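Spelled out, the chains give:
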Amino acid sequence: MNTEKVTARRLTAAEVSELGLQDGIFVSAGTDGLPLDCYAPAFLTEPGKNFEGGAFAVRTIFGEEAHVLPDNADESGIWIADKAGEEIEVLQSAGVLLNLALFVPAGNKDSLESLYSAARDAFGAGIVQRWSEETVAVPDVKVDLYEEPARGRKSANSQNRDRRALDIYPTRVRFLEPSDGWRFVVEPHKEVVDETPTI
């Protein structure tokens, strides 16, 4: 977690109501169930003048949304950079949470442990964690994945079929989504044979 000291001052509700969407502010970096004693860069979700009742909806640069009451002494409030203000700790960057589905050919317990150890060596032992693990045996085969209109007559020709991906493993199909109005068609993989006569 990288933080830096920023000089800022706390705004009143009246001052926040004069802000627009482009004005950079700082709000508490804490998320549900995870209090953090620092602030995160943020923006209002709509111009301050549109809010009523004293609560302002904000979105941090990390995608967290919150409602803040600037005049509530029990809350951390809304801050703006100001050289005449006081120093606050601002969160500058955070990690990325990855949900990974890994296909390990000839996977067994030893190969999975090796994979896990390599990830821990690369990113740090305290960083890489296995939250849940589902080991499923899958055939080491490939399929061709097509898209075709979700509604339409089935016909022998494939004029309206669009090749989405080649040589894809069946388990990866679960994690892909078809385009709007289209559906996936999975077929056994066929090698492309070039029958062009050669001299």
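Counting starts from 1 at the beginning of each chain's written sequence and moves along it residue by residue. Side-chain atom pairs in this predicted model are given and counted only at pLDDT of 80 or more, local residue features only at pLDDT of at least 70, and totals for whole chains, interfaces and linings cover all residues. Heavy atoms throughout the structure, all of them, feed into the side-chain values; hydrogens and water do not.

Asker: Help me out: how do you make sense of the overall build of the protein in this one?
Answerer: Summing up its helical and strand segments, the protein has three helices and ten strands in all. Throughout, a contact is declared for two residues whenever any of their heavy atoms are within 4.5 Å. Of the contacts made within the protein by residues no fewer than 6 positions apart, 57% connect residues no fewer than 24 positions apart. For the area figures, the Shrake-Rupley method with a 1.4 Å probe applies, and any residue is considered shielded solely by the protein chains shown. Of the roughly 14800 Å² of accessible surface on the protein, 50% is carried by carbon and sulfur atoms. Helical segments are the DSSP runs of H or I of at least four residues, strand segments are the runs of E of at least two, and each set is numbered from the N terminus.

Asker: I'm lost on the pattern of salt bridges in this one. Help?
Answerer: If charged atoms from side chains of opposite charge come close, those side chains can pair. Note on definitions: salt bridges are taken to be side-chain nitrogens of Lys or Arg within 4 Å of carboxyl oxygens of Asp or Glu. Applying the stated rule across the entire model yields five salt bridges. Where Arg-9 meets Glu-15, a salt bridge forms, and the shortest distance between an N and an O atom there is 3.1 Å. Glu-65 serves as the salt-bridge partner of Arg-59, at 2.5 Å between the closest nitrogen and oxygen.

Asker: Help me understand the side chain of Glu-147, please; the structure alone is not making it clear to me.
Answerer: Among the structural elements, Glu-147 can be located in strand S8 (residues 143–149). Polar contacts, as counted here, are pairs of nitrogen or oxygen atoms within 3.5 Å of one another; within protein the pair requires one atom able to donate a hydrogen and one able to accept it, and residues that are adjacent in sequence qualify only if both atoms are side-chain atoms. A distance of 2.7 Å separates a polar atom in the side chain of Glu-147 from the backbone nitrogen of Ser-179.

Asker: Please explain the packing of aromatic side chains as it appears in this structure.
Answerer: Describing an aromatic ring pair means giving the distance of the ring centres and the angle of the ring planes. The aromatic pairing rule takes the rings of Phe, Tyr and Trp, using the six-membered ring of Trp, and pairs them if the centres are within 6.5 Å, calling planes under 30 degrees apart stacked, those over 60 edge-to-face and the rest tilted. All told, the structure shown has two aromatic pairs when counted by the stated rule. Residues Phe-51 and Phe-56 carry aromatic rings whose centres are separated by 5.4 Å and whose planes lie at 65° to one another, so their mutual orientation is edge-to-face. The residues Phe-51 and Phe-56 share a single accessibility class, namely buried. For the exposure calls, accessible area comes from a 1.4 Å probe over protein chains only, and a residue counts as buried if that area is under 20% of its type's maximum, exposed if over 50%, partly exposed in between.

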